[in-house]
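Below are the chains, spelled out letter by letter.
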Amino acid sequence: LYYIAKNKIPKGKSPIKMKDILALGPVIVSVAEYFMSSQSTLFLFIGQFVNFIGVLTTFIIRDKNKCSKKRMLENGIYSATNLLIVTNLLDLFFQYVMTEVPILGRIVGLMYDTVPFGGLVMKSMLTLLSYYIIVMHNNTRRFCKKKDAKKLLIRIVMSFALMVGGSFLAHGGDYYGEEEE
């Protein structure tokens, strides 16, 4: 952030186009997932799947001309799982570690607990931050190399576990019990 604020990062060659607007894709599906996962356990899993497909689609659209066509889906899955892992780890870090820091923790805690939809606002900001981190990583030369299938599968499982665990914790942990009639 320092380098962006000090204008140390060279300006891109193209004006703001579709690729910059695509950053809203993961944020929008994250908001949809937040509301879906607050309904029931079934919608929790459906919301996670919708989130993954939305983020995957965003990265396929964004990076479709960067590498060969045969690696487009592979790179999309790699980027989508990276984004979901980084976002959920940051969210868990801010929600459960940073709230214990003396001064800053109160601010973060207030943001999560007292502001209406505070958790949603924080998750959206962290999703946007994670998106730009992943995009910077995708601009390296290593991005187009072949990915190991086992590692991709591990990333998918890890991203879904973090998404489900994060949503479960965000709604109090006991929210998904059977509805009483």
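Please refer to the structure placed before this passage.
About the thresholds
Residues numbered from 1 in each chain as written. Predicted model: local features only at pLDDT ≥ 70, side-chain atom pairs only at ≥ 80, totals over all residues. Heavy atoms only, no water. Helix = DSSP H or I, 4+ residues; strand = E, 2+ residues; numbered from the N terminus. Buried < 20%, exposed > 50% of the residue type's maximum accessible area, 1.4 Å probe, protein only. Contact = heavy atoms within 4.5 Å. Areas by Shrake-Rupley, 256 points an atom, 1.4 Å probe, with all protein chains shown as cover. Phe/Tyr/Trp six-rings, centres within 6.5 Å; stacked < 30°, edge-to-face > 60°. Core = buried A, V, L, I, M, F, W, Y, C linked by side-chain atoms within 4.5 Å.

A. Summary view of the overall build of the protein chain. Scanning the protein chain from N- to C-terminus turns up eight helices and zero strands. Mapped in sequence order, the helices and strands of the protein chain form the string α-α-α-α-α-α-α-α. The proportion of buried residues among the 181 residues of the protein chain is 38%. Intrachain contacts of the protein chain at a sequence separation of at least 6 include 74% that bridge at least 24 residues. Carbon and sulfur atoms make up 68% of the accessible area of the protein chain, which totals about 11,600 Å².

B. Broad picture of the packing of aromatic side chains. For the structure on display, the rule yields four aromatic pairs. Consider the rings of Phe 52 and Phe 160, whose centres lie 5.3 Å apart with planes at 50 degrees: the pair is tilted. Separated by 108 residues along the polypeptide, Phe 52 in helix H4 (residues 41-63) and Phe 160 in helix H8 (residues 149-170) bring together distant segments of the chain. Judged by relative accessible area, Phe 160 falls into the partly exposed class, the value being 21%. Centre to centre, the rings of Tyr 131 and Tyr 132 are 5.4 Å apart; their planes meet at 75 degrees, and the pair counts as edge-to-face. According to the relative accessible area criterion, Tyr 131 is buried, its value standing at 1%. Cluster of aromatic residues (ring-pair linked, three or more members): Phe 59, Tyr 131 and Tyr 132.

C. Main features of the nonpolar core. In this structure, Phe 52, Val 55, Phe 59, Leu 83, Leu 84 and Tyr 131 are the most contacted members of the largest nonpolar core, which totals 19 residues. Those elements that place two or more of their residues in this core are H4, helix H5 (72-96), helix H7 (118-138) and H8. When residues of this core are assigned to their parent elements, the largest contribution, five residues, is made by H5. In contact with Leu 84, not counting residues within four places along its chain, are Asn 51, Phe 52, Val 55, Ser 159 and Met 163. If you look at the next biggest cluster of nonpolar residues, it comprises five residues, including Met 98, Tyr 112, Met 122 and Leu 126.

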